[in-house]
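Structure assessment
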Amino acid sequence: MAATAFSASKFTQSFSLNSTRSVDRPPLFPASHPLKTTPSSFLGSTRKLSLSSPSSSTSRRRRRRPSRSPAVVAVSEVVKEKKSKSNVSLSNPLITNEEGLELYEDMVLGRSFEDMCAQMYYRGKMFGFVHLYNGQEAVSTGFIKLLKQEDCVVSTYRDHVHALSKGVPARAVMSELFGKTTGCCRGQGGSMHMFSKEHNLLGGFAFIGEGIPVATGAAFTSKYRREVLKEADCDHVTLAFFGDGTCNNGQFFECLNMAALWKLPIVFVVENNLWAIGMSHLRATSDPEIWKKGPAFGMPGVHVDGMDVLKVREVAKEAIGRARRGEGPTLVECETYRFRGHSLADPDELRDPAEKARYASRDPISALKKYMFENNLASEAELKAIDKKIDELVEDAVEFADESPLPARSQLLENVFADPRGFGIGPDGRYRCEDPKFTEGTAQV
Amino acid sequence: MAAIVQGIGATAAPSASSNKFLLSSLGSSLLEKKRNFFVVRSDGKCYTGLNQQQRRAQNVVTNAVATKEEKASAAVGSKPGHELLLFEALREGLEEEMDRDPCVCVMGEDVGHYGGSYKVTKGLAEKYGDLRVLDTPIAENSFTGMGIGAAMTGLRPIVEGMNMGFLLLAFNQISNNCGMLHYTSGGQFKIPIVIRGPGGVGRQLGAEHSQRLESYFQSIPGIQMVACSTAYNAKGLMKAAIRSDNPVILFEHVLLYNLKERIPDEEYVLNLEEAEMVRPGEHVTILTYSRMRYHVMQAAKTLVNKGYDPEVIDIRSLKPFDLYTIGNSVKKTHRVLIVEECMRTGGIGASLTAAINENFHDHLDAPIVCLSSQDVPTPYAGTLEEWTLVQPAQIVAAVEQLCL
């Protein structure tokens, strides 16, 4: 059903009537909103990227203190202006050669890995619900590649690529998907519960919205360390990733409130791919512009083209920088799209093929490739080498996962409690965890 | 011999059989991640509280349970002890732990400036600051989740539900994250959180403020539940819960906060998994917890006058059950009566009945009798409210019936 077609005209009409922006600022959306009939492509976006230095954009950025004037609106000044297509300049590209290759490699890793997951699923190597990230790579790469190892990432069930971007080895993720004991969670979590203490990936959550408070808690710890434990250099930032469907959930709003209230170092990243399984964002949300909900709680709300890794990266730099400096949270809405269905079990019949085609033409990987060629940041050969390297890496991950052992029975009762005395005292007076059957996994608990 | 509790509200000497003494901070630095502490068992053996990796390498204590000992005099020690109310005991435990470890923090509604709706956190915000004793907005699900996230990243939060019933709103976080995250992360993250608050039936508080959540939470894997009933065990369990690396839900009771008792001056930590022998006896084992302990002890007075000798055990640990103490008692008396405030269906009593039947069936001379509250939303009217709960007269009647 072309759900987008009929609502498009309705939506844009109400949009212009309800604009609460101050009149001197041109509206952000008109030509680049996904629902408008003129699609915005990567290079043709009318949003212009400015190459102004950070200091000038700082002065333009609103810096209201707690007593907020009602005029705090979405931050258009955070959106950079991009040079128009007719005038692609070879000077001052947004990224260096190394950065470009890093971004490209990360996105290709995400894409290849997910494609391999689909293959493996249909071959019966993994089961259950598997949610693939194809098409959204720009968001993960754009944000996570700016983080340090100590920064935390909290994701949803669509977490494979967040894990990979954060640094969890592909082998560990693939093993986890195969349910092997060498997986990052020893095979106990699965596709929807990727965790890594080493890389500070705090999950992997199956219910939408339940990761957002956890992310808020991680940000709280960062603030606590700095202010109570007096670790003055603790500036760890937390990123919470979630989708458009989650933005109608209570936990989202409750956490926006708490994060803004206590100025927690967190960035709320909305991966708005317009669909929550089969529920179109427009059919579920009274005001579909999610970025607007930030200022309602006292934090900047930004909308960015989530198919463009460079734009995402620029916005991410600002938002993460804000959090690191202790200025509080930011809500970033990334307009993105998933090329596959909600999960591998989703027949994906509701989405309009024209919409899919439109977004396919904005594939973030091809777009970055094009950008790098046009700005002489990389050669065809370099990128091909990366493609090959990633293919080998993913193949290796599958091989490793295949050869890894399945969990033994003894693993069943481990890790239920951090302190296994929690299983209690048995009739014989000994703690149950001392029962030899416990380590065999056959004890009655 | 263990001291005998005299009745409701009496100043009782601490029960000796479950005393454990803590040798105060044996050089453990405040900021170290592993919670190292020593607990001396009353049978003389010593063990260290360790993190998971260390435990695998260590021999675990073989005899987990203290035997009843003549420790009454030693328990009180050379100092006279001090008298206080139960909520003050909770506060004392909380304060001692916050002093000991700067990662311990409190979050909840009105815990800071207001001092807690039952005064358990009174004065703490002034002492430790607004971040360590955090006043949260009214968003139970989210601030419980926030506590879990903080616990995963190194803090040791205590989340207070202003009334346990409010934690129904946090069920998502408690079940999915609190209980399960350690397992689904393959043991990578631990959740050393304490969730506490007053529950139980009060004085005409109405149905929604009179809920007993222990029955709803008991199936959640990965959590421990304890219920305190005296000032002594309140402080000991609070400290134990904070020091435990497991998520612990500590159930307090609205009507017990003003119980006065004399507790030791020395620092002590109780064992989360053990039950408490309140009154040893020969004829019947009465298992109870929280406020019903006092109804049972009142009934016990009557029963003693009538010539019965009930053994009263406060199970304290609602999940997991201390089957050793309970089993020993069953093997001695062969008759069991469970008295609880939970509702009949799916309550703690129901689980306990099943556990005892499974493990000690051969030792029973009569079917287990379980007295629970009626399966009724607690009415407001005082008379009706009284009839939903188990009263001492019913307990006496049940014992008489059992011991026929």
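Each value, and the rule that gives it
Residues numbered from 1 in each chain as written. Chains lettered and ligands numbered in written order. Predicted model: local features only at pLDDT ≥ 70, side-chain atom pairs only at ≥ 80, totals over all residues. Heavy atoms only, no water. Helix = DSSP H or I, 4+ residues; strand = E, 2+ residues; numbered from the N terminus. Contact = heavy atoms within 4.5 Å. Buried < 20%, exposed > 50% of the residue type's maximum accessible area, 1.4 Å probe, protein only. Areas by Shrake-Rupley, 256 points an atom, 1.4 Å probe, with all protein chains shown as cover. Salt bridge = Lys/Arg side-chain N within 4 Å of Asp/Glu carboxyl O. Pairing = 2+ DSSP bridges. UniProt positions renumbered as here; feature names shortened; annotations may be inferred. Buried area = accessible area lost by both parts, 1.4 Å probe. Polar contact = N/O pair within 3.5 Å; in protein donor to acceptor, adjacent residues only side chain to side chain. Lys, Arg positive; Asp, Glu negative; His and termini not counted. Phe/Tyr/Trp six-rings, centres within 6.5 Å; stacked < 30°, edge-to-face > 60°. Lys NZ or Arg CZ within 6 Å of the ring centre and 35° of its normal. pLDDT = per-residue confidence, 0-100. Domains from an automatic or database assignment. Axes fitted to C-alpha atoms, helices over the stretch in contact; angles between N-to-C directions. Expected span 1.5 Å × (residues − 1). Core = buried A, V, L, I, M, F, W, Y, C linked by side-chain atoms within 4.5 Å. Parallel < 35°, antiparallel > 145°, perpendicular 65-115°, else oblique. Left-handed = near helix turned anticlockwise from the far one by under 90°. Nonpolar A, V, L, I, M, F, W, Y, C, P; charged D, E, K, R; others polar. Patch = residues over 30% accessible without salt bridge, like charges linked within 9 Å, V, L, I, M, F, W, Y side chains within 5 Å. Charge placed at Lys NZ, Arg CZ, Asp CG, Glu CD.

Attention now moves to the overall build of chain A. When you go through chain A residue by residue, the secondary structure sums to 15 helices and seven strands. Counting contacts in chain A only where the partners sit at least 6 residues apart, residues at least 24 apart contribute 74% of the total.

A word on the overall build of chain B. When its secondary structure is counted, chain B shows 14 helices and 17 strands. Within chain B, the proportion of its 404 residues that are buried is 64%. Here chain B has roughly 14,100 Å² of accessible surface; of this, 54% comes from carbon and sulfur atoms.

As a further point, take the pattern of salt bridges. All names here are of chain B. Per the stated rule, a full pass over the model turns up 48 salt bridges over all chains. With its nearest N and O atoms 3.4 Å apart, the salt bridge here joins Asp245 to Lys190. With Asp245 in the loop between α9 (231-243) and β10 (248-253) and Lys190 in the loop between α7 (181-184) and β8 (194-199), this pair connects stretches of sequence that are 55 residues apart.

This brings us to the pairing of strand β13 (residues 284-288) of chain B. Residue and element names in this part refer to chain B. Summarising burial for β13: five of the five residues are buried, a large majority. The alternating pattern of β13 places Val284, Ile286 and Thr288 on one face and Thr285 and Leu287 on the opposite face, and all of these are buried. Inspection of the sheet shows β13 paired to strand β14 (residues 310-314) by five bridges, in the parallel sense. Looking across to β14, one finds that Thr288 is bridged to Asp314.

Moving on, we come to the UniProt feature "domain: Dehydrogenase E1 component" (unreviewed entry) in chain A. In this numbering, the UniProt entry assigns the feature "domain: Dehydrogenase E1 component" (unreviewed entry) to residues 106-407 of chain A. Between the end C-alpha atoms of residues 106-407 of chain A the distance is 30 Å, and the span holds 46% helix and 10% strand.

This brings us to the interface of chain B and chain A. Each partner contributes residues to the interface: chain B has 63 residues there, and chain A has 57 residues. Interface of chain B and chain A: buried area, both sides summed, is about 5,000 Å²; carbon and sulfur atoms make up 61% of it. Taken together, the connections running from chain B to chain A amount to zero salt bridges. The tally of links between chain B and chain A comes to 23 residue pairs in polar contact (both at pLDDT 80 or more).

With that settled, consider the side chain of Lys180 of chain A. All names here are of chain A. Mapped onto the elements of the fold, Lys180 is located in the loop between α6 (170-178) and α7 (211-227). Put simply, Lys180 is tucked away with no salt bridge, and the nearest opposite charge, on Asp402, sits 4.9 Å away. The contact partners of Lys180, leaving out residues within four places of it in the chain, are Ser175, Arg186, Gly187, Ala401, Asp402, Ser404, Pro405, Leu406 and Pro407.

Another point: the packing of aromatic side chains. Evaluated as defined, the whole model comprises 14 aromatic pairs over all chains. With a centroid separation of 4.4 Å and an interplanar angle of 10°, the aromatic rings of Tyr232 of chain B and Tyr268 of chain B are classed as stacked. In this pair, Tyr232 of chain B is assigned in helix α9 and Tyr268 of chain B in the loop between β11 (260-263) and β12 (276-279), connecting sequence segments 36 residues apart. Like Tyr268 of chain B, Tyr232 of chain B is buried. Through pairs of rings, three or more aromatic residues link up here, namely Phe242, Phe252, Phe253, Phe268 and Phe297 of chain A. The side chain of Lys119 of chain B reaches across the aromatic face of Tyr114 of chain B, ending 4.6 Å from its centre.

Mapped onto this numbering, the UniProt entry annotates "coiled-coil region" (unreviewed entry) at residues 376-403 of chain A. Annotation note: span residues 376-403 of chain A, helix share 86%, strand share 0%, distance between end C-alpha atoms 42 Å.

In this section: the confidence of the model for chain A. Low pLDDT marks stretches whose predicted atomic positions should not be read closely. Here chain A averages 83 in pLDDT, while 79% of its residues score no lower than 70. Across residues 1-90 of chain A the pLDDT falls below 50, and counting only partners more than four positions away or on other chains, this stretch makes 115 contacts in the model.

A word on the domain arrangement of chain A. Here chain A is partitioned into domain 1 (77-403) and domain 2 (408-445). Inter-centroid distance (C-alpha atoms) of domain 1 of chain A to domain 2 of chain A is 38 Å.

All names here are of chain B. The mixed open sheet is built from seven strands, whose spatial order is β6-β5-β7-β8-β10-β9-β15. Single-partner strands in this sheet number two, and they are β6 (133-135) and β15 (317-319). Averaged over all adjacent pairs, the angle separating strand axes in this sheet is 20°, with direction ignored. Two elements, strand β7 (residues 156-160) and β8, share three bridges in a ladder whose sense is parallel. Bridging across to β8, Val159 finds its partner in Ile195.

Note on helix geometry: an α-helix contains 3.6 residues per turn, so any two residues three or four positions apart are oriented the same way. For helix α3 (residues 86-100) of chain B, with 15 residues, the first-to-last C-alpha span of 21 Å sits near the 21 Å given by 1.5 Å per residue. In terms of burial, α3 of chain B is largely enclosed, as 11 of its 15 residues are buried.

A word on the sheet that holds strand β1 (residues 152-154) of chain A. Residue and element names in this part refer to chain A. Taken in spatial order, the five strands line up as β1-β2-β3-β7-β6 in an open sheet, and their pairing is parallel. Where the open sheet ends on each side, the last strands, each with one partner, are β1 and β6 (301-305). Sheet twist, expressed as the average angle between the axes of neighbouring strands with direction ignored, equals 20°. Here strand β3 (residues 266-272) pairs with strand β7 (residues 330-335) via six bridges, running parallel. Bridged to Val269 within β7 is Val332.

Now for the environment of Phe438 of chain A. Here Phe438 of chain A shows up in helix α15 (residues 436-440). Considering only alpha carbons, one finds Phe438 of chain A and Leu101 of chain A, 337 residues apart in sequence, at a separation of 50 Å.

This part is about the confidence of the model for chain B. Residue and element names in this part refer to chain B. Model confidence for chain B is summarised by a mean pLDDT of 85, while 81% of its residues fall at 70 or above. Per-residue pLDDT stays below 50 along residues 1-76; that stretch engages in 163 contacts with residues further than four places along the chain or on separate chains. Taken over the whole predicted complex, pTM reads 0.81, whereas the ipTM for its chain interfaces reads 0.81.

Here the focus is the nonpolar core. Membership of the largest hydrophobic core comes to 152 residues, with the highest contact counts inside it found for Phe143, Met174, Phe220 and Phe268 of chain A together with Phe217 and Ile356 of chain B. If you tally residues by element for this core, the top one is helix α3 (residues 97-122) of chain A, at 12 residues. If we skip the residues at most four places from it in the chain, Ile356 of chain B touches Leu287, Ile326, Val330, Val336, His361, Leu364 and Ile368 of chain B. Leu86, Val104, Val248 and Leu250 of chain B belong to the second-largest nonpolar core, a separate cluster that totals 38 residues.

Residues and elements named next belong to chain A. Contact pair α7 / helix α8 (residues 250-262): the axes reach a minimum separation of 9 Å and the direction vectors enclose 10°. What the angle tells us is that α7 and α8 run roughly parallel. Helix-helix and strand crossings are classified by hand; for α7 and α8 the assignment is left-handed. Between α7, through Ile212, Pro213, Thr216 and Lys223, and α8, the contact on the second element is made entirely by Gln251, Phe252, Cys255 and Trp262. Among the residues making up the contact of α7 with α8, the classes are represented as five nonpolar, two polar and one charged.

Next up on the list: the packing of helix α5 (residues 140-152) of chain B against helix α6 (residues 171-179) of chain B. Residue and element names in this part refer to chain B. Closest axis-to-axis distance for the α5/α6 pair is 8 Å, and the angle between their directions is 15°. Looking at the two axes, α5 sits roughly parallel to α6. Crossing of α5 against α6: the hand is right-handed. Facing α5, whose interface residues are Asn141, Thr144, Gly145 and Ile148, α6 presents Asn172, Gln173, Ile174, Asn177 and Cys178.

Once that is clear, we can look at a negative patch on the surface. Residue and element names in this part refer to chain A. Together, Asp391, Glu395, Glu399 and Glu403 make up a negatively charged patch on the protein surface. Inspection of the secondary structure assignment puts Glu395 in helix α14 (residues 380-403). The class for Glu395 is partly exposed, based on a relative accessible area of 47%.

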